[in-house]
Amino acid sequence: MLPERQNQILEIAKEAGRVNVEGLASRFGVTPQTIRKDLNDLCERGLLDRVHGGAVIGSTVENVGYEARRLIAQDAKRRIGSAAARLIPNSASLLINIGTTTEEVAKALRHHQGLLAITNNINAANILRAWHGIEVIIASGVVRRSDGGIIGEAAVEFIRRFKVDYAVIGASAIDADGSLMDYDYREVSVARAIMENARNVILVADSTKFERAAPVRIAHVSAVDVFVTDRLPDEAMRALLRDAEVEVVETIDGSAT
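Here is what the cut-offs are and how they apply
Residues numbered from 1 in each chain as written. Predicted model: local features only at pLDDT ≥ 70, side-chain atom pairs only at ≥ 80, totals over all residues. Heavy atoms only, no water. Helix = DSSP H or I, 4+ residues; strand = E, 2+ residues; numbered from the N terminus. Polar contact = N/O pair within 3.5 Å; in protein donor to acceptor, adjacent residues only side chain to side chain. Buried < 20%, exposed > 50% of the residue type's maximum accessible area, 1.4 Å probe, protein only. Core = buried A, V, L, I, M, F, W, Y, C linked by side-chain atoms within 4.5 Å. Contact = heavy atoms within 4.5 Å. 1 Å grid on protein atoms, 1.4 Å probe; cavity = no way out; pocket = protein on both sides within 12 Å on 5 of 7 lines; lining within 4 Å. Points joined across faces, edges and corners; volume = space filled by probe spheres on them. Pairing = 2+ DSSP bridges. Axes fitted to C-alpha atoms, helices over the stretch in contact; angles between N-to-C directions.

Here we take up the side chain of Asn121. In this structure, Asn121 sits in the loop between strand 5 (115-119) and helix 7 (122-128). Here Ala124 takes part through its backbone nitrogen, which lies 3.1 Å from a polar atom of the side chain of Asn121.

Summarising the element assignment, Ser172 is placed in the loop between strand 9 (164-169) and strand 10 (173-174). Overall, the relative accessible area of 7% leaves Ser172 in the buried class. Residues Ser172 and Pro215 lie 43 residues apart in sequence; the distance between their C-alpha atoms is 9.9 Å. At a separation of 2.9 Å, a polar atom in the side chain of Ser172 contacts the side chain of Asp182.

So, about the nonpolar core. Within the largest apolar cluster, 38 residues are counted, with the highest numbers of intra-cluster contacts made by Ile169, Leu180, Leu203, Ile218, Val224, Phe227 and Leu241. The set of elements that each furnish at least two residues to this core consists of helix 8 (153-159), strand 9, helix 9 (185-196), strand 12 (198-204), strand 13 (216-220) and helix 10 (235-243). A per-element tally of this core places helix 9 first, with six residues. When near neighbours in sequence (up to four residues on either side) are disregarded, Leu203 contacts Ile169, Gly170, Ala171, Leu180, Val221, Val224, Val226, Phe227 and Val228. Leu115, Ile127, Leu128 and Tyr166 belong to the second largest nonpolar core, which has 24 residues in total.

So, about the layout of surface pockets. Within this model, the second largest pocket holds a volume of roughly 270 Å³. As for the second largest pocket, its lining consists of 17 residues, and the residues nearest its centre are Ala16, Ser207, Thr208, Asp230 and Arg231. Contributions of two or more residues to the lining of the second largest pocket are made by helix 1 (4-16) and helix 5 (74-86). By residue number, the principal contributor to the lining of the second largest pocket is helix 5, which donates four residues.

Our next topic: the environment of Asp184. Following the sequence through the fold, Asp184 ends up in the loop between strand 11 (179-182) and helix 9. Look at Asp184 and you get buried, because its relative accessible area is 12%. When the C-alpha atoms of Asp184 and Arg217 are compared, they prove to be 9.7 Å apart, with 33 residues separating the residues in sequence. In contact with Asp184, other than residues within four places in its own chain, are Arg144 and Ile151. For Asp184, the side chain forms a polar contact with the side chain of Arg144, separated by 3.0 Å. There is a polar contact of 2.9 Å between the side chain of Asp184 and the backbone nitrogen of Arg186.

Okay, the sheet that holds strand 1 (residues 18-20) next. Ordered in space as 1-3-2, the three strands form an open sheet in which the pairing is antiparallel. At either end of the open sheet lies a strand with only one pairing partner, and these are strand 1 and strand 2 (48-51). Neighbouring strand axes in the sheet, compared pairwise and without regard to direction, differ in orientation by 25° on average. Summarising the sheet, strand 2 and strand 3 (residues 54-57) pair through four bridges and their orientation is antiparallel. Each bridged residue has a counterpart across the sheet, and for Leu48 the counterpart in strand 3 is Ile57. Running over the sheet, helix 1 touches strand 1, strand 2 and strand 3 and is turned about 125° from strand 1. In this fold helix 3 (residues 32-44) packs onto strand 1, strand 2 and strand 3, with an angle of close to 130° to the strand it touches most, strand 2.

Rendered as structure tokens:
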């Protein structure tokens, strides 16, 4: 059982993706030192990870539960989903991988016409299946109970049958060197196959992913064509993406670079 304030801090973190010491101190009317102790306690329990000035949801070795992930940065994910969908024309073919942000892209695609959508994401397939303008093909393989992702070698081989116009992929973490990271090597194998079998790769990830760590490398960000996010963390990442000739769409102000 957690103290009530720590429970509330955890709920705020689930909704926003991160919390900061000064904001929490003001909200609860306590000292920053008290909040730091709360955050340290939550981090020791593995519920949060400390970052400069606050903490984020997550773990370096195991992903946050699916329902909790759906709550993190919800508004940012919706904006990212809408912006990514605008990059995909009618009558296109696409691959969509696992993730709560890629599911937001699927929601925003529902009014497209003539799409062929291939996915290893049961949730994305369920979102798209009812719309007459979209044909949905779902990959074969092992269904991961935690989030409805279809993973494993059978899924990889299935994906390799296709060559599509667009891939929509997510990542659980993005390192400062541009590495796209995830937690499950079986999921990573499918993500790589999706990227390899698309003419254009769209990465969708909110800014909390820059504050997390995960153990398995998907690829370098230079392997994508467009990166849609709410905002970049700093000028160093912006320069890295520019040097890699990756188009960036930041939904916080609708800009593209």
